[in-house]
Structure formats: C-alpha cells, structure tokens
Amino acid sequence: PGFRGVHLQALLGFGLLIAFLGRYGPGSVAISILIVTFAIQWAILIQGFLYFFLNGKIYMGAQSMVSANFCTAAVLISTGAVLGRVNPAQMLLLTLLGVTLFTLNEYILLSLMGVNDSGGSLTVHTFGAYFGLMVSRILHQPHMDTRKEQEDTGHQPDVFAAVGTIYLWIFWPSFTSATTVHDNAEPWAMLNTYFSLAASTLATFVLLPVLYKESNLRMVQIQDATLAGAAMIGMAGEMLVTPFGALIAGFLAGLIPPLGFSFLTPILRSRLKMQDTCGVHNVHGLPGMLGTLLGTLLTALATADTYGGRLELLFPLVAQGSRTATDQALYQLCALPITLLLATLGGCLTGAILKTKGLKSPPDTRNLENTVLWEV
C-alpha cells in the first residue's frame, strides 16, 4: 500500500500538476510519463549501489521502489522550472544527472549525517526546486514570455489541474508517511500532513481575493497551496508538531505561493533572469526551506518524555546517547546549505551540458506548443 500511494502520487499527482499551461497541457503530461519511466529505472540502479548492494548484487523490494519514486518526484519538480524550453532528449539527460545528484545528496544527508527527512522537505522539494532553477538560469532565453502570459484559461488545462490537485490531496499523506515509522499505531506523519494541507488551502482562499482583483479562483492556485503545505510539513511530519502546530505551519505555507508570485517572481525574473515556468521556487523551494527550519526546531525540543519509544525510531543517535537533541538539530540545520550547494552546482553543470550544440533546443516561439515537444 505504501508503494501504491507513492507511485500514484509521482505519476498522477506530479504528472498532472504541470498541465496548467493551456497550449502545453497534453504534452506536459506525456513528458512526465517519459520522465517517470526513465527515472525509476535509473534510480533503482544508482540507489541500489548505495543502499541495497550486497555480495555483488542489488537487492530489490518495495522499499527500493519507494525510494526510486521519491527520487522521481524530485526530478519532476526540477522539470517544472524548464518546461517548454527543453526537448525530450535534453529532458532525459536532465533526469539522468538529476537522479544521480539527488541520490548523492540523499546519501550524504540520511546515511552519513543521520538527518531525519522522511517527508522530503529538504531532499525532494528544496533540492528539486533549486536544481531546476539553476538549470533554468543557465538555459535563459531572453524572448520567452512570463508564466502569466503562457497560461491559457481554457477548459482542458483546468480539468488537468483539478484532477492533479485531487490526486495530491488523496495520496500526499501516504507519500509523506511511506518511509516513516511503521511499528507504532499512531501515524503522525499522515495526520500532520492532512492538517497542513487543509490549512494551506484555506490560506489561499483567504489571501487571493486580497491580492487579485478577479473574483474567480484558478485551480492552479489551489494546487500551489496544496503543494506548499505538503513541502512545509515534510521533515516535521512524524515529529511532535501537534495538530495546532500543523495547522499554523500549513497556513503560513499557503501564504507563500500567492505572495511569492505577486512580489518575488518579478524580481527573480528581471534581476536574476530566472524563467520559472511552473513557479517551483514559490511552491517547493521556499516552503521546503521553511519546513527544514521547522523540523530543526522540533528536533531541538525532542525529549524521551514526550516521544517515548518513538525517539529511538526517529533519532536513534539521540536515544543511544551519542548525540544530544541540540547536536541532532545542528546536523538537521547544516543539511540545508549542503543541499543548496549540491543543487546549485549540479544545476549549473547540468544546464551547461544541456546548452551544448549537439542537443538542439526548441525554437523561441511566442507560446509553449505541443509541436515543439516532439521534435526529437
């Protein structure tokens, strides 16, 4: 069941969330399927050498498939930043390098440093967002239109976005709890994620009429709120957030995408020349970093009295006495700059490779057309 929830989330949730671009909707769904099918195979190999390698063989099971799907989710987030500006060959190369760097970052954080990030605030959302943004910066095309001009208010893209949002809602609690502690009756990650999703969506309904004159809500805006709430609670999901804390965190996360698109995105576009097609910086990057800070704070407050038997499962080094809760919190915090460094350097390298003459980029058209996608 854990694998099923994660896989459906990667394929349908993430796959349909990039379909809001009206002229590019069907093409973006198709290319997400292409990425998923390639990334899972490559991730199983790369992760297999690090985690599941024994006596010269890679041992596969449900857990390796779940890990591969987490990796695929990070790559799908990255592709949201460059959607419509790379062809399928470039997208596959981005996936090849993105999976490798994601696995390296995850191995450093989870295995070598002992960081707890079960829901992927840091490893999935933050890494995926900033890796994609750096690739987007290197592939900057001066004449590309803004996100708002690329959008089409037609019926078909909103249907895609609506279905994707519903899948996110249904399967995200399963996604964040897939790698968490299973031998305890209370699924904290599932409960905290649901409360966070509810509060972030509500925050969007509250804030959008204040920021925008138009009265009708776009489905993509509700989708952004859902993603931000999940990114925020990823690391802290199985910690003692409490329902009230999860609601507060989710509400704050729901404020980030509308405010970011109104005030921060124009600055990034004009000053830093970042063309962020799907707005992954506001939806995944910033909420992921705030979620890391929330997880760090909760780690510092973790005690055996409040966590009981869970402490050994969540923070084994703290329970054994080899680290204090403060030490563990410092490790959680240090994981953030390490992830940002790997994502930015890896994104610059990947972008430089994708710009080589042998890999033909799609032409600079005024609109994101499906015909551009299939020039292989």
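Counting starts from 1 at the beginning of each chain's written sequence and moves along it residue by residue. Side-chain atom pairs in this predicted model are given and counted only at pLDDT of 80 or more, local residue features only at pLDDT of at least 70, and totals for whole chains, interfaces and linings cover all residues. Note that water and hydrogens are dropped before the side-chain values are worked out from all heavy atoms of the structure.

In the annotation of an unreviewed UniProt entry, the entry for the chain reads Ammonium transporter Rh type B, and the organism field reads Leptosomus discolor. UniProt positions are given in the numbering used here, feature names are shortened, and annotations may be inferred rather than shown by experiment. Quoted verbatim from the Subcellular location (unreviewed entry) heading of the UniProt record, the comment on the chain is "Cell membrane". Note on the chain: under the UniProt heading Sequence similarities (unreviewed entry), the record states "Belongs to the ammonium transporter (TC 2.A.49) family. Rh subfamily."

Visitor: Looking at this structure, how should I read the overall build of the chain?
Guide: A run of H or I in DSSP counts as a helix once it spans at least four residues, and a run of E counts as a strand once it spans at least two, with each numbered from the N terminus. Looking only at helices and strands, the chain features 16 helices and two strands. Here the accessible surface of atoms and residues is derived via Shrake-Rupley with a 1.4 Å probe, and residues count as covered only by protein chains that are part of the display. Surface summary for the chain: the accessible area is close to 15500 Å², and the carbon and sulfur share equals 68%.

Visitor: Sorry, what's going on with helix H11 (residues 280-300) here?
Guide: An α-helix turns once every 3.6 residues. As a result, residues three or four positions apart point the same way. Each residue after the first adds 1.5 Å to the expected span of a helix. Compared with an ideal rise of 1.5 Å per residue, which puts 21 residues at 30 Å, H11 spans 29 Å between its outermost C-alpha atoms and is within 8% of the ideal. Between buried and exposed lies partly exposed: a residue is buried under 20% and exposed over 50% of the maximum accessible area for its type, with that area taken using a 1.4 Å probe on protein chains only. Most of H11 sits inside the fold, with 16 of its 21 residues counted as buried.

Visitor: Explain the environment of Leu110 here, please?
Guide: Position of Leu110 among the secondary structure elements: in helix H4 (residues 88-112). Taking relative accessible area as the criterion, Leu110 reaches 31% and is therefore assigned partly exposed.

Visitor: Sorry if this is basic, but what is going on with the packing of aromatic side chains here?
Guide: Two aromatic rings, taken as a pair, are described by how far apart their centres are and by the angle between their planes. By convention, a stacked pair of Phe, Tyr or Trp rings (six-membered ring in the case of Trp) has centres within 6.5 Å and planes under 30 degrees apart, an edge-to-face pair has planes over 60 apart, and any other such pair is tilted. Applying the stated rule across the entire model yields eleven aromatic pairs. On the numbers, 5.5 Å between centres and 45° between planes, the contact of Phe49 with Phe53 is tilted. Judged by its relative accessible area of 51%, Phe49 falls in the exposed class. For Phe53, a relative accessible area of 40% corresponds to the partly exposed category. A network of ring pairs unites the aromatic residues Tyr51, Phe52 and Tyr107 as a single cluster. Note on criteria: charge over ring means Lys NZ or Arg CZ within 6 Å of the ring centre, with the direction from the centre no more than 35 degrees off the ring normal. Its guanidinium or amino end placed over the ring of Trp188, Arg310 lies 3.8 Å from that ring's centre, counting from NZ or CZ. Above the face of the Tyr331 ring, Arg323 is positioned so that its terminal group lies 3.6 Å from the ring centre.

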